[in-house]
Amino acid sequence: MRFLSFAVNPPGRRPGVSMNAPAASTAVAPQLAGLPLIRTLVGFDTTSRESNLALIHWVRDYLAREGIESQLTFDDERRKANLFATLPAQSGETMRGGIVLSGHSDVVPVDGQPWDRPPFEATVVGDKLYGRGVTDMKSFSAIALSFVPELLRRGLARPLHIALSYDEEVGCIGARRMLADVVARGVKPAGCIVGEPSGMQVVVAHKGKRGYRCRVRGHEAHSALTPLGVNAIQTASELVNFLAQMARRFRERGGFDAGYDVPYTTVHTGVIRGGTALNIVPRDCSFDFEFRHLPFDDPEHLLAEVKRFAATLLPEMHAVDPHTHIEFDALSSLPGFDSHGGTEIAELGKACAGTVEFGKVSFGSEASLFHNADIPAIICGPGHIAQAHQPNEWVTLEQLALCETFMRRLADQVCAA
Ligand SMILES: [Zn+2]
């Protein structure tokens, strides 16, 4: 996942009180059946810019040895693939009523980060496992895969699907193609567990995100003759200031959902570029901004509000040069979702996590894409988002043990015997 704010605040809890604190800590390092598989997956450098095919082919071959066929869907260059595999129910059912265990195969870069140990080796030190992706989010996928032989031996009462995507970290790109294929093939899972790091708490909602680039084209002039020019930086700064006012309005007046650590829609400008020299009225300025919106705030309305304000700046610009303009490019989009916990998969997740509560998070994930494909989804995975994307990314062995407990309870729920 790409977004770093995080809290799990169940209804009735004080915002800011995190459920992330580990439960009673285990004195002895837990026995982790999934550790060898975690080491294997972490060993593949699947930084999003690289091909993930070595990892995908390894998983395909691992499942094939268990008699399970994988469906691969590729990106346009066939450098990357999603994997979707189905463990059939004993009845032979493969299409309907199954549970998806979903993870992304890619990780964020380690470039420029001060790592104390090789990032693409999962290393146990004390009560923690270190390595790129141990939290976000290869451990969940590996532990799910490690249960496949047991699930097949016991026999399933309903299908179980393994879903591994590419390019989650650069905009949840692969999962869209995988889901289109799943829908086209008529597979209708009953629910999906996305194993993003949630401290093994059940998360039933997350915010949506829209990213945009605004490009302001002004008119160059000698800076001694500013009335003959249109200053693109100044126009852009009026727009940036308008966004800041929107952000303030949401912070002060909402809408609010106290389930989130940041309980309102946020607006943020992250990059700005403009101008060439102090003695030139700048012709061009562009800036990138984003909305992280509560699921009930319509992001189209947010952009429309910015565009309406931009339109008020144009007459003054056009009076100097009719070719000046303000344009908006969409950079990224990820829907929010809120299932309000009222789904079978949320109940199943709570039973497996051994909790009666659920939470909401500010970061985006593939869960909303499953949700929008009519596959009810929750997020539940080991580790915490605060450790994601960091140098020396780590997860506690205790979290991994909790994930294995979760998977064992899930096996009891979905197995025929
Ligand atoms: Zn992730």
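Located above this text is the structure these notes cover.
Quick notes on the rules
- Residues numbered from 1 in each chain as written.
- Predicted model: local features only at pLDDT ≥ 70, side-chain atom pairs only at ≥ 80, totals over all residues.
- Heavy atoms only, no water.
- Salt bridge = Lys/Arg side-chain N within 4 Å of Asp/Glu carboxyl O.
- Helix = DSSP H or I, 4+ residues; strand = E, 2+ residues; numbered from the N terminus.
- Buried < 20%, exposed > 50% of the residue type's maximum accessible area, 1.4 Å probe, protein only.
- Pairing = 2+ DSSP bridges.
- Axes fitted to C-alpha atoms, helices over the stretch in contact; angles between N-to-C directions.
- Contact = heavy atoms within 4.5 Å.
- Phe/Tyr/Trp six-rings, centres within 6.5 Å; stacked < 30°, edge-to-face > 60°.
- Lys NZ or Arg CZ within 6 Å of the ring centre and 35° of its normal.

**Student:** Describe the pattern of salt bridges, and please don't skip the residues or the numbers.
**Tutor:** Scanning the model with the defined rule gives 22 salt bridges in all. We note a salt bridge from R132 to E393, for which the minimum N-O separation is 2.7 Å. Note that R132 is positioned in the loop between β5 (128–130) and α3 (138–146) and E393 in the loop between β17 (377–379) and β18 (394–396), a separation of 261 residues in sequence. In terms of burial, R132 and E393 fall into one category: buried. In this structure, E347 engages K350 in a salt bridge whose closest nitrogen and oxygen atoms are separated by 3.4 Å. Here E347 pairs with K350, and both are found in helix α8 (residues 344–353), just three residues apart, close to one helical turn. Each of R49, E50 and D111 takes part in a single network of salt bridges with overlapping partners.

**Student:** Hey, could you go over the pairing of strand β9 (residues 208–217) for me, with residue numbers and the actual values?
**Tutor:** In terms of burial, β9 is largely enclosed, as seven of its ten residues are buried. As paired strands, β9 and strand β13 (residues 284–293) are joined by ten bridges and run antiparallel to one another. Considered in β13, the bridge of R213 is made with D288. Where β9 lies against strand β14 (residues 325–334), nine bridges are found, and the strand directions are antiparallel. Counted as the bridge partner of R217 is H325 from β14.

**Student:** So what's going on with the sheet that holds β9? Residues and values would help.
**Tutor:** In space, the four strands of this open sheet follow the order β11-β13-β9-β14, with antiparallel pairing throughout. A single partner strand is all that each edge strand has here, and the edge strands are β11 (266–274) and β14. Going across the sheet, the axis of each strand differs from the next one's by a mean of 20°, ignoring polarity. Across eight bridges, the pairing between β11 and β13 is antiparallel. In the sheet register, V267 faces β13, and the bridge partner there is F291. Against the sheet, helix α7 (residues 299–320) engages β9, β13 and β14, with an angle of about 165° to β14.

**Student:** Residue-level account of the packing of aromatic side chains, with values.
**Tutor:** Evaluation of the coordinates by the stated rule reveals eight aromatic pairs. Relative to F309, the ring of F242 has its centre 4.4 Å away and its plane inclined at 5°; by these criteria the two rings are stacked. Taken as a pair, F242 in helix α6 (residues 232–253) and F309 in helix α7 lie far apart in primary sequence, 67 residues in all. Exposure remark for F242: the relative accessible area of 15% places this residue in the buried category. Pairing F289 with F328 gives two aromatic rings, centres 6.2 Å apart and planes at 85°, and the pair type is edge-to-face. You can see F289 sitting in strand β13 and its partner F328 sitting in strand β14, a full 39 residues away along the chain. Residue F328 is classed as buried on the basis of its relative accessible area, which comes to 17%. Taken together, Y212, F287, F289, F291 and F328 form an aromatic cluster joined through their ring pairs. Above the plane of the ring of F74 lies R78, whose end atom (NZ or CZ) is 3.8 Å from the centre.

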